Amino acid sequence: QQTLSGRSPAPVEKGFRTGAEPGVLLQFLVVSPAAAGSTPEVRRGVNHGTYRPDSWIMFRYELKEKAAVYIVRTGPEHEPEIVYPRDNGGRKPERPGVYDAAQKGELLLYNLEGLSGLQTFCAVTASGKDPDQDRILAQVQNALERNKKQLHSNRLRSGQMDCFQIKVEKRWQEEIP
């Protein structure tokens, strides 16, 4: 994980789905490395998109009501992990609005290195001041198990969770005979 100081680009999507409150919408940008001496490429993330393992993800979330937000990742070979906040400390509830995943003024860049295959990222809201992180991880895992079909064709959205999936693969490499 790396951080980047400064302002992040414009949001990827707008709007909320219907469901129980508080609502959260998770958005993401993909930062790809650049050739030597040039600026990295930043583009909007696409649900079910395929990305290189040398890329990073920047997260942005939108809250409809006051809540604390955790971002969780799970993959085919990994147990769910909380990727935001980085220090896994307690989160204070935030007011409704749009926020970049950042701590101490630095944007979170989540490195895809070491990952392969389908990766699921979920923003989960919690209304308490110090929610049980094991409960948050179990909540994500249970929701993903119950909604596998929906997640493979669309985004998984519920009142307290918004998830997207990406595929990480080294597609630019060619086979050498």
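Everything numeric here is computed off the predicted structure, so don't read it as measured data.

Engineer: Is there a simple way to explain the overall build of the protein chain in this structure?
Structural biologist: A count of helices and strands for the protein chain gives two helices and 13 strands. Nonlocal contacts in the protein chain, meaning residues at least 24 apart in sequence, comprise 72% of its contacts between residues at least 6 apart. Split by element, the accessible area of the protein chain, about 9700 Å² in all, is 46% carbon and sulfur.

Engineer: Teacher, can you tell me more about the pattern of salt bridges here?
Structural biologist: Where charged atoms of side chains with opposite charge meet at close range, the side chains can pair. On inspection of all chains with the given rule, the structure shows four salt bridges. Note that Arg52 is salt-bridged to Asp54, the shortest N-O span being 2.9 Å. Relative accessible area serves as the criterion here: at 29%, Asp54 is assigned to the partly exposed category. In this structure, Arg73 and Glu81 form a salt bridge, with 3.0 Å as the shortest nitrogen-oxygen distance.

Engineer: Is there a simple way to think about unusual backbone geometry in this case?
Structural biologist: Both trends apply: most residues other than glycine have a negative phi, and most peptide bonds are in trans. Tyr84 connects to Pro85 through a cis peptide bond whose omega is 5 degrees. Tracing the backbone through its elements, the reader meets Pro85 in the loop between β7 (78–84) and β8 (97–100). In this structure, His48 is a non-glycine residue whose phi angle is positive, near 70 degrees. Positionally, His48 belongs in the loop between β3 (41–44) and β4 (50–51). Residue His48 is classed as partly exposed on the basis of its relative accessible area of 32%. Even without a glycine there, the phi angle at Lys104 is positive, about 55 degrees.

Engineer: Looking at this structure, how should I read the state of the cysteines?
Structural biologist: In protein chemistry, a disulfide is the covalent bond that joins the sulfur atoms of two cysteines. Tallied over the full model, the rule gives one disulfide. A sulfur-sulfur separation of 2.1 Å characterises the disulfide bridge that pairs Cys122 with Cys163. On the S-S bond that ties Cys122 to Cys163, the torsion sits near 110 degrees, and the link is right-handed. You can see Cys122 sitting in strand β11 (residues 117–126) and its partner Cys163 sitting in strand β13 (residues 161–168), a full 41 residues away along the chain. An identical accessibility class is assigned to Cys122 and Cys163; each is buried.

Engineer: Help me out: how do you make sense of the packing of aromatic side chains in this one?
Structural biologist: Aromatic ring pairs: the centre-centre distance and the angle between the two ring planes describe each pair. Tallied over the entire structure, the rule returns seven aromatic pairs. When the ring of Phe28 is compared with that of Tyr51, the centres are 6.3 Å apart and the planes differ by 85 degrees; the resulting orientation is edge-to-face. Within this pair, whereas Phe28 is found in strand β2 (residues 24–32), its partner Tyr51 is found in strand β4, the two being separated by 23 residues in sequence. The same class applies to Phe28 and to Tyr51, which are both buried. Note on Tyr61 and Tyr84: the rings are 6.1 Å apart at their centroids and 45 degrees apart in plane angle, and the pair reads as tilted. Here Tyr61 is found in strand β5 (residues 56–63), whereas its partner Tyr84 is found in strand β7, with 23 residues between them in sequence. Looking at Tyr84, the relative accessible area reads 1%, which means it is buried. Through successive ring pairs, a cluster of aromatic residues spans Phe28, Tyr51, Phe59, Tyr110, Phe121 and Phe164.

Engineer: Looking at this model, I keep getting lost on the nonpolar core. Mind explaining?
Structural biologist: If you look at soluble globular proteins, the nonpolar side chains tend to sit buried side by side. Formed by 24 residues in total, the largest nonpolar core has its most connected members in Ile57, Phe59, Tyr110, Leu112, Phe121 and Ile166. Of all elements in the fold, only β2, β5, β6 (68–75), β7, β10 (106–111), β11 and β13 reach the threshold of two or more residues within this core. Non-local contacts of Phe121, meaning those with residues more than four positions away in its chain, are made with Leu26, Ile57, Phe59, Val72, Arg73, Tyr110, Leu112, Asp162, Cys163, Phe164 and Ile166.

Cut-offs and rules
Residues numbered from 1 in each chain as written. Predicted model: local features only at pLDDT ≥ 70, side-chain atom pairs only at ≥ 80, totals over all residues. Heavy atoms only, no water. Helix = DSSP H or I, 4+ residues; strand = E, 2+ residues; numbered from the N terminus. Contact = heavy atoms within 4.5 Å. Areas by Shrake-Rupley, 256 points an atom, 1.4 Å probe, with all protein chains shown as cover. Salt bridge = Lys/Arg side-chain N within 4 Å of Asp/Glu carboxyl O. Buried < 20%, exposed > 50% of the residue type's maximum accessible area, 1.4 Å probe, protein only. Disulfide = S-S within 2.5 Å. Phe/Tyr/Trp six-rings, centres within 6.5 Å; stacked < 30°, edge-to-face > 60°. Core = buried A, V, L, I, M, F, W, Y, C linked by side-chain atoms within 4.5 Å.

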